[in-house]
Amino acid sequence: WLIEPRRTNEVTKYSGTMQQVNKNTLPFLTMNAFAHFIHYWTHGRMIFVDLQGSPTKDGQVLFDPMVHTKNGNSCLGDLGIEGIAQFVQCHQCNHICQTLQLPVLEKSGPQGEVE
């Protein structure tokens with residue numbers, strides 16, 4: 001409810017719950033790198049998904065994100081390790097990931113856990 005007054009009717013969907021949108025534009029590359037950064041910062045325990053935003057005069061307002069966590073108990077749509085592993089499998093590093101010196105994501109192991 002705090003964001004609604006700042007949000008416009010125009011919505012850009014940067015990622016879904018279990019899929020990433022790979023467009024070669026700065027906003028999409030930035031959101032992709034942001035998700036990678038969250039994975040890195042939380043040591044693989046969390047990933048932001050379903051990233052969407054609306055443009056405003058001050059920039060992009062992000063709203064209604066979901067997360068997948070290692071425990072799988074943060075919210076209704078939290079798909080746990082499966083969701084994190086799906087992100088890792090599908091993520092394509094870009095020049096922003098490289099500029100931030102984020103490590104290349106390791107693909108999932110035999111139990112679906114991120115290595």
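Numbering of residues starts from 1 in each chain and follows the order in which that chain's sequence is written. The predicted nature of this model means local features are confined to residues of pLDDT at least 70 and side-chain atom pairs, given and counted, to a pLDDT of 80 or more, with totals for whole chains, interfaces and linings taken over all residues. The basis for every side-chain value is the complete set of non-hydrogen atoms in the structure, without hydrogens or water.

An unreviewed UniProt entry lists the protein under the name Kinase-like protein, with Dendrothele bispora given as the organism.

Comments concerning the packing of helix α1 (residues 26–41) against helix α2 (residues 80–90)
How we decide: Axis definition: a line fit to C-alpha positions, over the contact stretch in the case of helices; interaxial angles, taken between N-to-C directions, run 0 to 180 degrees. Counting from the N terminus, the helices are DSSP H or I runs at least four residues long and the strands are E runs at least two residues long. By definition in this entry, angles of less than 35 degrees are roughly parallel, angles greater than 145 are roughly antiparallel, angles of 65 to 115 are roughly perpendicular, and the rest are oblique. Here a crossing is called left-handed whenever its near helix is offset anticlockwise from the far helix by less than a right angle, and right-handed whenever the offset is clockwise. Any two residues whose heavy atoms approach within 4.5 Å are treated as being in contact. Gly is placed with the polar residues, together with every amino acid not listed as nonpolar (Ala, Val, Leu, Ile, Met, Phe, Trp, Tyr, Cys and Pro) or charged (Asp, Glu, Lys and Arg).
Between α1 and α2, whose axes approach to 12 Å, the crossing angle comes to 125°. Here α2 runs oblique to α1, going by the angle between their axes. Crossing of α1 against α2: the hand is left-handed. Contact with α1, carried on its side by Ala35, His36 and His39, involves Ile84, Phe87 and Val88 of α2 and no other residues of that element. Its residues assigned to classes, the contact of α1 with α2 comprises 4 nonpolar, 2 polar and no charged.

Remarks on the environment of Phe37
Basically, it comes down to this: Only protein chains enter the accessibility calculation, which uses a 1.4 Å probe; a residue whose area is less than 20% of its type maximum is buried, one above 50% is exposed, and one in between is partly exposed.
Among the structural elements, Phe37 can be located in helix α1. Look at Phe37 and you get partly exposed, because its relative accessible area is 30%. Spatially, the C-alpha atoms of Phe37 and Gln101 are 9.7 Å apart, while their sequence positions differ by 64 residues.

Focus: the packing of aromatic side chains
The line we're drawing: Two rings from Phe, Tyr or Trp (for Trp, the six-membered ring) form a pair when their centres are within 6.5 Å of each other. A pair whose planes differ by under 30 degrees is stacked, one over 60 is edge-to-face, and the rest are tilted.
For the structure on display, the rule yields 3 aromatic pairs. The interplanar angle of 65° and the centroid separation of 5.7 Å between the aromatic rings of Phe34 and Phe48 together place this pair among those described as edge-to-face. Of this pair, Phe34 sits in helix α1 while Phe48 sits in strand β2 (residues 46–49), and the two are 14 residues apart along the sequence. Among the residues examined, Phe48 registers a relative accessible area of 23% and is labelled partly exposed.

Notes on the side chain of Thr42
For the record, the criterion: Here a polar contact is recorded for every N or O atom pair within 3.5 Å, except that within protein the pair must consist of a potential hydrogen donor and a potential acceptor, and residues adjacent in sequence are included only if both atoms are side-chain atoms.
With respect to the helices, strands and loops of the structure, Thr42 is situated in the loop between α1 and β2. By relative accessible area, which is 16% here, Thr42 ends up buried. Separated by 3.4 Å, the side chain of Thr42 and the backbone oxygen of His39 make a polar contact. A polar contact of 3.1 Å, which involves the side chain of Thr42, links it to the backbone nitrogen of Met46.

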